[in-house]
Amino acid sequence: MGLKQNLHNLKEKYKGTKMAPAFNAIHTFLYLPNDVTHGGTHIKAADDLKRTMNTVIMALIPCLIFGMFNAGFQHYAAIDGSLRTDVLANFFTLDNLWIGIIKVLPLVIVSYAIGLGVEFIFAIIKGHEVEEGYLVTGMLVPLIVPIDTPLWMLSIAVIFGVVIGKEVFGGTGMNILNPALTIRAFLFFAYPTWMSGDKVWVYDAVNKAGTADAISGETILGAYAQNHEVVYTIWDKFFGFIPGSIGETSTFLILLGAAFLIFTKIGSWRIILSTFLGAAVMGFIFNQVVAADIITESSKFYGLMNTVWYEQLLIGGLAFGAVFMATDPVTAAQTTKGKWIYGFLAGFLAIMIRVFNPAYPEGVMLAILLMNVFAPTIDHYVVQGNIKKRLKRTKVKTA
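The structure displayed is predicted, hence computed values, not measured ones.

Cut-off values and rules
Residues numbered from 1 in each chain as written. Predicted model: local features only at pLDDT ≥ 70, side-chain atom pairs only at ≥ 80, totals over all residues. Heavy atoms only, no water. UniProt positions renumbered as here; feature names shortened; annotations may be inferred. Helix = DSSP H or I, 4+ residues; strand = E, 2+ residues; numbered from the N terminus. Buried < 20%, exposed > 50% of the residue type's maximum accessible area, 1.4 Å probe, protein only. Contact = heavy atoms within 4.5 Å. Phe/Tyr/Trp six-rings, centres within 6.5 Å; stacked < 30°, edge-to-face > 60°. Patch = residues over 30% accessible without salt bridge, like charges linked within 9 Å, V, L, I, M, F, W, Y side chains within 5 Å. Areas by Shrake-Rupley, 256 points an atom, 1.4 Å probe, with all protein chains shown as cover. Salt bridge = Lys/Arg side-chain N within 4 Å of Asp/Glu carboxyl O. Core = buried A, V, L, I, M, F, W, Y, C linked by side-chain atoms within 4.5 Å. Expected span 1.5 Å × (residues − 1). Bend = angle between axes of the 7 residues up to and from the residue. Axes fitted to C-alpha atoms, helices over the stretch in contact; angles between N-to-C directions. Parallel < 35°, antiparallel > 145°, perpendicular 65-115°, else oblique. Left-handed = near helix turned anticlockwise from the far one by under 90°. Lys, Arg positive; Asp, Glu negative; His and termini not counted. Charge placed at Lys NZ, Arg CZ, Asp CG, Glu CD.

Chemist: What is the right way to look at the UniProt feature "modified residue: FMN phosphoryl threonine" (unreviewed entry) in the chain in this model?
Modeler: Under the local residue numbering, the UniProt record ascribes the feature "modified residue: FMN phosphoryl threonine" (unreviewed entry) to T219. With respect to the helices and strands, the residue T219 is situated in the loop between α9 (205-208) and α10 (220-225). Residue class for T219 comes out buried when judged on its relative accessible area of 15%. When sequence neighbours within four positions are dropped, the list of residues in contact with T219 reads W201, P243 and G244.

This is the structure:
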């Protein structure tokens, strides 16, 4: 008797009990359900929630693998800066990958184990099926945190994000905020020293701080916010050979993921494109402010305001947020025009917060969470506007 049959037997044995959702979840996650339709007309499609989640995870895998190599590369490059003179020769090495394995994989395992554990507990208590929504959140969370984030800290944040960010609203499909960003927001406000500064983005920089072997892990945004010189080329920023959150550094791979999501009709190209447009417009406006000498080099805002508008799109978590966070179908706007407005404002506000918040020069998280709150309002006014237009057309025809 195979595993599928054993799980099916357990599912039938515990049918109607509190433990039924747990066995159902394991069974349906690993195998197709045994239930089939017979006769009549049915709507059949392969794009159920589980496959949708798996498609997003496939789009994230390249970012995860690259982030594991980058974790090791940034560590060794911080010790020996000469490694940056030939990035390609020194990037895809087993030493770099090993650091990624010992640092990134535990974050992934903890994220899934704690998050799905909470999902199972709520399903058993409330007697509903375990929903697949956390499959994507569990992968997103390790990709948007610093490499040295303690596992206990991540565990607390995941529990908070799943319970407060999703379950209290009714579970998957009912939350108003992106759960992964809720988890990151909790980490930022509860443990700010672990989510900003120049010691958390490179492996072992925290442990070496204050010693003779101290290394710096300053991100590009941190350098611009402090008006420091940035040594990375535009191609380093595009391909992701820079310090940052584990999965957010490579704009190239993120755009490949975006193309995959758009091709499979999972991600909204309108939201992705409008988010980049909004960020570009805000960056261009800041560039004009500097060009008009309204802001001088003595200002604490000069570094980020003077950053060329298209470079704003390559640094920080903007690209990752635009592709994998802002497009969350539950928390984003649903109407066509609403998606353009929602995405544009998310990008616009992200750069504005990035510039005016030198203590935490990354505004994507806050901008998307803010737009999550306003998404229903945007859709409401778009729908009301359409109704008024149709009423006017009706009056004209009947006049």
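Chemist: Can you walk me through the packing of aromatic side chains in this structure?
Modeler: One pair of aromatic rings is described through two measures. These are the centre distance and the angle between the planes. The final tally for this structure, using the stated rule, is 23 aromatic pairs. Seen from their ring centres, F73 and F91 are 5.4 Å apart, and the 55° between their planes marks the pair as tilted. Placement of the pair is F73 in helix α3 (residues 49-79) and F91 in helix α4 (residues 87-91), with a sequence separation of 18 residues. Relative to Y310, the ring of W309 has its centre 5.6 Å away and its plane inclined at 85°; by these criteria the two rings are edge-to-face. A relative accessible area of 34% means that W309 is categorised as partly exposed.

Chemist: For this particular structure, what's the right way to read a nonpolar patch on the surface?
Modeler: On the surface, F160, I164, V168, F169, M174 and I176 cluster together to form a nonpolar patch covering roughly 520 Å² of accessible area. Secondary-structure assignment places V168 in the loop between α7 (151-165) and α8 (179-190). Among the residues examined, V168 registers a relative accessible area of 53% and is labelled exposed.

Chemist: Sorry if this is basic, but what is going on with the nonpolar core here?
Modeler: One broad trend across soluble globular proteins is that nonpolar side chains are buried collectively. Among the nonpolar cores identified, the biggest contains 105 residues, and F320, F324 and Y342 are the most heavily contacted of them. Considering each element in turn, this core owes the most residues, 13 residues, to α3. Discounting residues that sit within four places of it in the chain, F324 has contacts with V56, A59, L60, C63, L140, I254, G257 and L261.

Chemist: How should I be thinking about the UniProt feature "transmembrane region" (unreviewed entry) in the chain in this particular structure?
Modeler: As annotated by UniProt and renumbered to match this structure, "transmembrane region" (unreviewed entry) occupies residues 56-77, 97-122, 134-164, 238-264, 271-289, 309-327, 339-357 and 363-383. For residues 97-122, helix accounts for 100% and strand for 0%, while the C-alpha atoms at its two ends are 36 Å apart. From the first C-alpha to the last, residues 238-264 spans 24 Å; its make-up is 56% helix and 0% strand.

Chemist: Explanation requested: the side chain of K166 in the structure shown.
Modeler: Within the secondary structure, K166 sits in the loop between α7 and α8. Under the relative-accessibility criterion, K166 is labelled buried at 3%. Excluding its chain neighbours within four sequence positions, the residues that come into contact with K166 are E119, G133, Y134, G161, G171, T172, N175 and P179.

Chemist: Is there a simple way to explain helix α18 (residues 364-398) in this structure?
Modeler: Along an α-helix, a turn takes 3.6 residues, which lines up residues three or four apart on a common side. With 35 residues, α18 should reach 51 Å at 1.5 Å per residue; the first-to-last C-alpha distance of 49 Å fits that figure. The largest bend along α18 measures about 45° and falls at F374, with the proline P376 one to four residues further on. Within the sequence span of α18, burial applies to V364, M365, A367, I368, L369, M371, N372, A375, I378, D379 and V382. Those residues of α18 that are buried are in contact with α8, α16 (318-325) and α17 (336-356).

Chemist: Which parts of the structure should I look at to understand the packing of α3 against helix α6 (residues 134-143)?
Modeler: Two measures define how a pair of helices packs: the angle their axes make with one another and the distance between the axes. At a minimum axis distance of 9 Å, the contact between α3 and α6 shows a crossing angle of 15°. Between α3 and α6, the interaxial angle falls into the category roughly parallel. Crossing of α3 against α6: the hand is left-handed. For the pair α3 and α6, the contacting residues are M53, N54, V56, I57, L60, I61 and L64 in the first and L135, V136, M139, L140 and L143 in the second.

Chemist: When you look at the environment of A280 in this model, what are you seeing that I'm missing?
Modeler: Mapped onto the elements, A280 comes out in helix α13 (residues 269-291). Distance from A280 to W98, taken between C-alpha atoms, is 37 Å for residues 182 residues apart in sequence. Discounting chain neighbours no more than four positions away, the residues touching A280 are W309 and L313.

Chemist: Would you explain a positive patch on the surface in this entry?
Modeler: A surface patch of positive charge is lined by K337, K388, K389, R390, K392, R393, K395 and K397. With seven residues, α18 is the largest single contributor of residues to the positive patch. As for its placement among the helices and strands, K395 is situated in helix α18.

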